Amino acid sequence: MIDLDAVAALVRRVALQVHLPLFRQGVTGEEKSPGELVSRVDREAERLLINGLADITPGLPVIGEEAASEDPSLLGALRSERPVWLADPLDGTPHFLDGSPDHAIMLALVDRGQTVFAVVHQPQHGRTYMAERGGGTWRDGVRLHREPADPDNLTSLRGGVLRRFLDPDARQAVERNESRFGDLVPRSKCAGVEYPRIIEGQADFMLFWRTLAWDHAPGALLLSEAGGVASRPDGTAYRADDDRVGLLAAADAATAQAVLRGMGLQEG
């Protein structure tokens, strides 16, 4: 039995040791790949998370974002027969470096492709979201439930599209149909912010295209346990061991289907 409260406490402790004291203190980043930044905060937090998880769950492997960026073969552990941790030490590095509070620390425990536990902590906002498969989604001890949106009125839906990684066909489809929606500019480009916004009723959907496991395994479980959905354009539910592109996070299944069809990404 895993002490889930101890895992959440670890995440908060790392934030107190690294994220909070270094926020707006002139930390700089460097490119680890074109357009992708890494900072001292990412590296120090990942080390502490890996060490802490080793103490709480001895023997379970941990895939950190920075380690996997250097050695993508580590992600093969997601297809093994034993559980594995995914750790995103700083989701939203550009926001952190720019002094925006919209960033997060995220952990997910994945068992044979299915996320079974997730923590998303937003250090500057002081909020911790937790979900266990079959046990609901909680924010600081308060259980959360997402009410359905209004899928019959696309212009009333609040949401956005992260366009940077859209392939040409998807980009053309979105641009051709975006007038059917309201504003499609996302508030942030941080999954650790966008998934909670949908859960809290501040947004109704978000279209992601690149679906790195550490970005989406935590938020997808939080959302689904709160009553929402995270589905592929073909309608299948998100899995952490599925590296296909395209993922629509939405308040409910009907809204997800309406958005995908409205954007021309799903037939119907």
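Please refer to the structure higher up on the page.
Note that residues are indexed from 1 along each chain, following the sequence as it is written. Local features in this predicted model are restricted to residues of pLDDT 70 or higher, and side-chain atom pairs are both shown and tallied only at a pLDDT of 80 or more, whereas totals for entire chains, interfaces and linings draw on every residue. With hydrogens and water excluded, all non-hydrogen atoms of the structure serve as input to the side-chain values.

Further remarks concern helix α8 (residues 253-262). With a 1.4 Å probe rolled over the protein chains alone, any residue whose accessible area is under 20% of its type maximum counts as buried; one over 50% counts as exposed, and the rest are partly exposed. Only DSSP runs of H or I covering at least 4 residues are called helices, and only runs of E covering at least 2 are called strands; the numbering of each starts at the N terminus. Every buried residue belonging to α8 is among Thr 255, Ala 256, Ala 258, Val 259, Leu 260 and Gly 262, and all of these are buried. Those residues of α8 that are buried lie in contact with α5 (168-177), β11 (205-208), β12 (229-231) and β13 (247-250). Its side-chain oxygen placed 3.2 Å from the backbone nitrogen of Ala 254, Asp 252 serves as the N-cap of α8. Contacts: residue pairs with any heavy atoms within 4.5 Å of one another. By the criterion applied in these results, polar contacts are pairs of N or O atoms within 3.5 Å in which, for protein atoms, one can donate a hydrogen and the other can accept it, and in which residues neighboring in sequence qualify only through two side-chain atoms.

Pairing between two strands requires that DSSP report at least two bridges joining them. An order of β3-β4-β5-β6-β7-β8-β9 is seen for the seven strands of this open sheet, with the pairing classed as mixed. The open sheet has two edge strands with one neighbour each: β3 (62-64) and β9 (142-144). Each strand axis lies, on average, 20° off the axis of its neighbour in the sheet, ignoring direction. The pairing of strand β7 (residues 127-132) with strand β8 (residues 137-139) spans three bridges and is antiparallel. When the bridges of β8 are listed, Tyr 129 appears paired with Arg 139. A fitted line through C-alpha atoms serves as each axis, taken over the contacting stretch for helices, and the angle formed by two N-to-C directions is quoted from 0 to 180°. With respect to the sheet, helix α2 (residues 40-56) is in contact with β3, β4 (84-91) and β5 (104-111), its orientation differing from that of β4 by roughly 150°. Across the sheet, helix α6 (residues 191-199) touches β4, β5, β6 (114-122), β7 and β9, and the angle it forms with β6 is around 100°.

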